[in-house]
Amino acid sequence: MKRTKKIILVLLLILVLAQFFGPEKNQGDISSIGPFLTETTPPEDVKLILKESCYDCHSDYTRYPWYNNITPVNYWLAEHVKEGKKHFNVSNWVGNSIKRKDHKFEELIEMVEDKTMPLKSYTWMHAEAKLTHVQIQSVIDWAKMVRTIYALKPKPE
C-alpha cells in the first residue's frame, strides 16, 4: 500500500507542477479576419455563425474557455486549434490562390453538410456553436455563392 501512495503522490506532484506550464495561446489580432470577410461578404447571420462556430479553431484569434487553464486540457485544445488552422485559416486568406480558396470552400460545404464541422468535441462544451438545419443551409448557400464568384474570376495561366 505504501508503494501505491507514493506513486499517487508523485503523480499528483507532477500534475500540480504541470499547471505552471502550457502551450502558446492563439491570440493574434482579431482584425486578421477582416480580409476574409471583405472578400467573401457573408450575410450577418453567417457572420455570427462563423464567429460562434468557426473562428476559435480556424483563425489566429481563439476565445479560450476557463478550462484552458488546466494542464493537460490546454495542450489538447492547442492541438485542436493548430490542426484546424492547418486545414482552414481565415486569418491567412490573403495570398492564397483563387483555386485554393475555391477548394477550401468546397471542403467547407462538404463538412458542414455532413455535420462533421463544427466538431462534436467542440459543440459539446460550446452549445451555441451547434448548427441548426437553417444555419447549415445559410452557410452552404453563402459558400456556394462564394464559389460561384471564384469560378467567374480569371485564372492565372
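Residues numbered from 1 in each chain as written. Predicted model: local features only at pLDDT ≥ 70, side-chain atom pairs only at ≥ 80, totals over all residues. Heavy atoms only, no water.

1. A short note on helix 3 (residues 44-53)
Spelled out, the test is: A 1.4 Å probe rolled over the protein chains alone gives each residue an accessible area, and that area as a share of the maximum for its type sets the label: buried under 20%, exposed over 50%, partly exposed in between. Think of it this way: any DSSP run of H or I at least four residues long counts as a helix, any run of E at least two long counts as a strand, and we number them from the N terminus. Between two residues, a contact is recorded if the distance between any of their heavy atoms is within 4.5 Å.
Those residues of helix 3 that fall on the buried side of the exposure criterion are Val-46, Ile-49, Leu-50, Glu-52 and Ser-53. The inward-facing, buried residues of helix 3 contact helix 2 (34-40), helix 4 (55-58), helix 7 (120-125) and helix 8 (133-152).

2. Points about empty space enclosed by the protein
This is how the line gets drawn: Using a grid of 1 Å spacing that covers the protein atoms alone, one calls a set of points a cavity when a 1.4 Å probe fits there but cannot get out, and a pocket when the set is open and has protein on both sides within 12 Å along at least five of seven lines; lining residues are those with an atom within 4 Å of a point. Grid points are joined across faces, edges and corners, and a volume is the space filled by probe spheres set on the points. Three categories are distinguished: nonpolar for Ala, Val, Leu, Ile, Met, Phe, Trp, Tyr, Cys and Pro, charged for Asp, Glu, Lys and Arg, and polar for the others, with Gly belonging to the last.
All told, the structure shown has 1 cavity of 30 Å³ or more when counted by the stated rule. For the largest cavity, the calculated volume is near 30 Å³. What lines the largest cavity is Pro-23, Glu-24, Lys-25, Tyr-64, Asn-68, Asn-74 and Ala-78. A per-class count over the lining of the largest cavity returns 3 nonpolar, 2 polar and 2 charged.

3. A word on the layout of surface pockets
Here the largest pocket defines a volume of roughly 500 Å³. Around the largest pocket sit 22 residues that line it, and His-58, Gly-84, Phe-88, Met-111 and Met-117 are the ones nearest its centre. Elements that contribute at least two residues to the lining of the largest pocket include exactly helix 3, helix 4, helix 5 (73-87) and helix 6 (98-113). The element that contributes the greatest number of residues to the lining of the largest pocket is helix 6, accounting for 5 residues. Here the residues of the lining of the largest pocket are counted per class, giving 14 nonpolar, 5 polar and 3 charged. Looking at the second largest pocket, its volume works out to about 210 Å³. For the second largest pocket, the lining is made up of 18 residues, of which Tyr-67, Trp-76, Leu-77, Tyr-122 and His-126 are closest to its centre. Residue assignment for the lining of the second largest pocket shows that the elements contributing at least two residues are helix 4, helix 5 and helix 7. The greatest single-element share of the lining of the second largest pocket, amounting to 5 residues, is contributed by helix 5. Of the residues contributing to the lining of the second largest pocket, the split by class is 12 nonpolar, 4 polar and 2 charged.

4. Examining the packing of helix 3 against helix 8
To be explicit about the condition: Structural elements are reduced to axes, namely lines fitted to C-alpha atoms, with helices fitted over the stretch in contact, and the angle between N-to-C directions of any two is expressed from 0 to 180 degrees. Orientation labels follow simple angle bins: below 35 degrees gives roughly parallel, above 145 gives roughly antiparallel, 65 to 115 gives roughly perpendicular, and whatever is left gives oblique.
With their axes 10 Å apart at the nearest point, helix 3 and helix 8 run at an angle of 105° to one another. On the basis of their axis angle, the class for helix 3 and helix 8 is roughly perpendicular. Contact residues: helix 3 offers Asp-45, Val-46, Ile-49 and Leu-50, while helix 8 offers Gln-135, Ser-138, Val-139 and Trp-142. Split by residue class, the contact of helix 3 with helix 8 holds 5 nonpolar, 2 polar and 1 charged.

5. Observations regarding the packing of helix 6 against helix 8
Going by this rule: In this scheme the crossing of two helices becomes right-handed for a clockwise turn of the near helix relative to the far one and left-handed for an anticlockwise turn of less than a right angle.
Packing of helix 6 against helix 8 leaves a shortest axis separation of 9 Å and a crossing angle of 160°. Relative to helix 8, the element helix 6 is oriented roughly antiparallel. As for the relative orientation of helix 6 and helix 8, their crossing is left-handed in sense. Residues Ile-98, Lys-101, Asp-102, Phe-105, Glu-106, Leu-108, Ile-109, Val-112 and Glu-113 of helix 6 touch helix 8, and the partners they reach there are Ile-136, Val-139, Ile-140, Trp-142, Ala-143, Lys-144, Val-146, Arg-147 and Tyr-150. Taken together, the residues of the contact of helix 6 with helix 8 break down into 12 nonpolar, no polar and 6 charged.

Take it as geometry only, folks, not as evidence of what the structure does.
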